[in-house]
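Here's the letter readout for the chains.
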Amino acid sequence: MIWNPPSGIAADYADGVALLLDLLRAVGKGLEGDVEFAACVDRTTAHLEKQQAKYFVLEAGEIVSMTGDDPAASVRRLASEDVPDAVAEAEAAIAGQNDDWLASVRADWQRHFASFYSEALYFSFPD
C-alpha cells in the first residue's frame, strides 16, 4: 500500500500483465467468434505494451471513499483480501481448475474488461 493514509496499491507490472493476458486468453477460449471481445483484447494489449513499467499502481482511494466505509481500511482489505482472492481465482481458472468462475467472467466480459476511460484500465471480478 502507498500514500498516507493508504489509498493506493503498487504491484509488479510484468507479473500483473502476464496474469491479465493469460486470463484474457482463457476467457477468449469460449468467445472465439466474438469480434467485440477480440477488439477489446487488442486494445488492452496495445495499452499494456505502451505502459511498460516496473510497477503498476492501483489508485483506489477515490473509489473506496464512495462506499462510506473507512477508505484506509478499504484499501488495506483490497491489498490483503480482495486482490489476492481475485488473483487466486484467475490463476485457478487459467490452470483449468475454476470453470464456474471462468464461465461467469466470460458471460459478462464487458463489465470486467471493456471499460476504458482515457488512458486508464478498470477491471472487476465476481466474488
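Residues numbered from 1 in each chain as written. Predicted model: local features only at pLDDT ≥ 70, side-chain atom pairs only at ≥ 80, totals over all residues. Heavy atoms only, no water.

Caption draft 1: Inspection of the nonpolar core at higher detail. Residues L23, V27, F37, W109 and F113 are the most contacted members of the largest nonpolar core, which totals 19 residues. Elements with a minimum of two residues in this core: α1 (13-28), α2 (35-50), α4 (71-94), α5 (99-107) and α6 (109-113). When residues in this core are grouped by element, the largest group, seven residues, is from α1. In terms of nonpolar packing, the next biggest core, distinct from the first, is built from five residues, I9, V64, V75 and L78 among them. (Core = buried A, V, L, I, M, F, W, Y, C linked by side-chain atoms within 4.5 Å. Buried < 20%, exposed > 50% of the residue type's maximum accessible area, 1.4 Å probe, protein only. Helix = DSSP H or I, 4+ residues; strand = E, 2+ residues; numbered from the N terminus.)

Caption draft 2: Region of interest: the pattern of salt bridges. Inspection of the entire model under this criterion finds two salt bridges. Linking R25 and D22 is a salt bridge whose minimum nitrogen-to-oxygen distance equals 2.5 Å. Placement of the pair is R25 and D22 together in helix α1, with a separation of three residues, close to one helical turn. For the salt bridge of R111 with D108, the shortest nitrogen-to-oxygen distance reads 2.9 Å. Assessed through its relative accessible area of 44%, R111 is described here as partly exposed. Using a relative accessible area of 30% as the deciding quantity, one classes D108 as partly exposed. (Salt bridge = Lys/Arg side-chain N within 4 Å of Asp/Glu carboxyl O.)

Caption draft 3: A look at a nonpolar patch on the surface. The grouping of F56, L58 and V83 at the surface amounts to a nonpolar patch, some 230 Å² of accessible area in total. Counting through the fold element by element, F56 comes out in strand β2 (residues 55-59). Using a relative accessible area of 41% as the deciding quantity, one classes F56 as partly exposed. (Patch = residues over 30% accessible without salt bridge, like charges linked within 9 Å, V, L, I, M, F, W, Y side chains within 5 Å. Areas by Shrake-Rupley, 256 points an atom, 1.4 Å probe, with all protein chains shown as cover.)

Shape descriptors only; they carry no functional weight alone.
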